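# Remarks on the overall topology
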Amino acid sequence: MMKKTPFTSIHYALGAKMHAFAGYDMPIEYSGILDEHNTVVNGVGVFDISHMGEFWIKGPQAKDFVQKITSNDINNVPVGKAQYTCFPNGKGGIVDDLLVYHYEPEKYLFVVNASNIEKDWNWCVKNNTENVELENASDKMAQLAVQGPLALKTLQKLTDIDLSQIPYYSFVTGKIAGVDPVIISNTGYTGCGGFELYFYPEQAETIWNAIFEAGREFGIKPIGLGARDTLRLEAGFPLYGNELDDTTSPLQAGLGWITKFTEGNPFISRSILEEEKAKGVPRKLVGFEMVGKGIARQGYDMVNQTGEIIGKVTSGTIAPTTKKGIGFGYVRPAYSALGTTFFIRIRNNDIEAVVVKPPFRQKK
């Protein structure tokens, strides 16, 4: 039996194309990926992301636990701020990437990928030598991402909180559409701006209906996971299972900025990653644009001018905004500099590509 979110019946009623994802029955598309993608880039769209996992970490040692189990430095995150980070796996790879919310002085919220909930939970329990209070609240929280340049105008109709005063990677807890409490977070996975809302599942229909009524004048639409993937790729965001996994280090993935070798930050894998940084990584994640015609897909070989395999594609698509072929892949360091050309092997044809710096979609 596939799991349902509090919005599953709504997705069916709206005629969404549904498919299994991370054990959940999820909407892949409604009006079409291209239309939904452009709706978020230019207006406002709503994603059901209630399948994501949420863990509470509470107690006097909560900060020490977070500092140990994640690679970033939680010392730099005051109450009301969020941080992007990852769980190092003790072998140089990544258990998962996640958001950490500093909710109260001794209380944090981990938001993890849906496909990794059980794995992440077991990892946290296994490493809880600080004896913090851990709560897997994944089934007790619903989540919507309201994304796009008109997300703020839409949601501002539903709350007295001045949403323009919530900086990027910050959050407040308050009332939206008469529902209290709701965590209102200025985060997102689209590169188009907007907010993510966390609330109790029994309030799901109330909030959904209020948001769509408020956004009607802006052409608001429900958005599926298909457009979520093209949006995150255009924005240059990695995806666990594609760019990140248990065999990729954060340094190889270009996530040195969330791997803090600061004093008093004894995170799992620190010594392994320090050694890798000193020696140099064996491969690097690069963004690329296709020069020739073709769509790079996950798993395709990346080759040099003599046809020698130099890497693998991790994600690829035609960017709906620029109409160019784009993607990510891991290559040998010698081929990672901006402007370097190589080839993607597509059905036995080697199609030229060039290394570029994400994001692939320029902000308006």
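Quick note: structure is the one above.
Parameters at a glance
- Residues numbered from 1 in each chain as written.
- Predicted model: local features only at pLDDT ≥ 70, side-chain atom pairs only at ≥ 80, totals over all residues.
- Heavy atoms only, no water.
- Salt bridge = Lys/Arg side-chain N within 4 Å of Asp/Glu carboxyl O.
- Helix = DSSP H or I, 4+ residues; strand = E, 2+ residues; numbered from the N terminus.
- Buried < 20%, exposed > 50% of the residue type's maximum accessible area, 1.4 Å probe, protein only.
- Polar contact = N/O pair within 3.5 Å; in protein donor to acceptor, adjacent residues only side chain to side chain.
- Contact = heavy atoms within 4.5 Å.
- Phe/Tyr/Trp six-rings, centres within 6.5 Å; stacked < 30°, edge-to-face > 60°.
- Lys NZ or Arg CZ within 6 Å of the ring centre and 35° of its normal.
- Core = buried A, V, L, I, M, F, W, Y, C linked by side-chain atoms within 4.5 Å.
- Pairing = 2+ DSSP bridges.
- Axes fitted to C-alpha atoms, helices over the stretch in contact; angles between N-to-C directions.

## A short note on the pattern of salt bridges
Overall, the coordinates contain 17 salt bridges when judged by the stated rule. The salt bridge partner of Glu-234 is Arg-361, with a shortest N-O separation of 2.6 Å. With a gap of 127 residues between them, Glu-234 in helix H7 (residues 225-235) and Arg-361 in the segment after strand S19 (349-356) connect regions that are remote in the sequence. In this pair, the class of Glu-234 matches that of Arg-361, namely buried. A salt bridge links Lys-324 to Glu-289; the shortest N-O distance between them is 3.6 Å. Of this pair, Lys-324 sits in the loop between strand S16 (309-318) and strand S17 (325-331) while Glu-289 sits in strand S14 (residues 284-290), placing them 35 residues apart in sequence. With relative accessibility at 40%, the residue Lys-324 sits in the partly exposed group. The exposure class of Glu-289 is buried, given its relative accessible area of 18%. What you see here is one network of salt bridges that share partners, running through Lys-58, Glu-133, Glu-135 and Lys-140.

## Side note on the side chain of Thr-159
Structurally, Thr-159 is set in the loop between helix H5 (151-156) and strand S10 (171-176). A polar contact of 3.1 Å, which involves the side chain of Thr-159, links it to the backbone nitrogen of Ile-161. A distance of 2.7 Å separates a polar side-chain atom of Thr-159 from the backbone oxygen of Lys-175. Leaving out residues up to four positions away in the same chain, Thr-159 has contacts with Lys-175 and Ile-176.

## Observations regarding the packing of aromatic side chains
Within the structure shown, the criterion is met by 15 aromatic pairs. For the pair Phe-7 and Phe-199, a centre-to-centre distance of 6.3 Å together with 85° between the ring planes defines the contact as edge-to-face. Taken together, the residues span a long stretch of sequence, with Phe-7 in the segment before helix H1 (8-13) and Phe-199 in strand S12 (residues 194-199) at a distance of 192 residues. Judged on exposure class, the residue Phe-7 and its partner Phe-199 are both buried. Ring geometry for Phe-288 and Phe-342: centres 6.0 Å apart, planes at 75°, overall edge-to-face. You can see Phe-288 sitting in strand S14 and its partner Phe-342 sitting in strand S18 (residues 341-346), a full 54 residues away along the chain. Taken together, the aromatic side chains of Trp-56, Tyr-101, Tyr-103, Phe-171 and Tyr-198 make up a single cluster linked through ring pairs. Geometry around Trp-56 places Lys-107 over its ring, the cationic atom sitting 4.5 Å from the centre. The ring centre of Tyr-330 lies 4.3 Å from the NZ or CZ of Arg-283, which sits over that ring.

## Details of the nonpolar core
Generally speaking, a soluble globular protein has its nonpolar side chains buried in company with each other. Among the nonpolar cores identified, the biggest contains 38 residues, and Tyr-101 and Ile-183 are the most heavily contacted of them. Contributions of two or more residues to this core are made by helix H2 (33-42), strand S5 (82-88), strand S6 (94-104), strand S7 (107-112), H7 and S17. Take this core: its biggest share by element is four residues, from S6. Those residues within four positions of Tyr-101 in sequence are excluded, and the remaining contacts are Lys-81, Ala-82, Lys-107, Tyr-108, Leu-109, Val-111, Phe-171, Ser-185, Thr-187, Glu-196 and Tyr-198. Grouped together as the second largest cluster of nonpolar side chains are 27 residues, Leu-163, Ile-207, Trp-208 and Ala-210 included.

## Section: the sheet that holds strand S9 (residues 142-147)
In spatial order, the strands read S10-S11-S12-S9-S3-S13; together these six strands make up an open sheet with mixed pairing. In the strand order of this sheet, the two ends are held by S10 and strand S13 (221-223), each with one partner. The sheet shows a mean angle of 30° between the axes of neighbouring strands, taken without regard to direction.

## Some points on the pairing of S17
Burial runs high along S17: seven of the seven residues are buried. Burial along S17 is two-sided: Gly-325, Gly-327, Gly-329 and Val-331 and Ile-326, Phe-328 and Tyr-330, pointing in opposite directions, are all buried. The pairing of S14 with S17 spans six bridges and is antiparallel. When the bridges of S17 are listed, Phe-288 appears paired with Gly-327. Hairpin geometry of S16 and S17 is characterised by an intervening segment of six residues between the two adjacent antiparallel strands and by a positive phi of about 65° at Lys-323.

## Comments concerning unusual backbone geometry
That bond from Asp-180 to Pro-181 is cis: its omega, 5°, falls within 30 degrees of zero. Put simply, Pro-358 and Pro-359 share a cis peptide bond, and its omega is 10°. Position of Pro-359 relative to the elements: it lies in the segment after S19. Phi at Ser-269 is positive, roughly 80°, even though this residue is not glycine. Mapped onto the elements, Ser-269 comes out in the loop between H7 and helix H8 (270-279).

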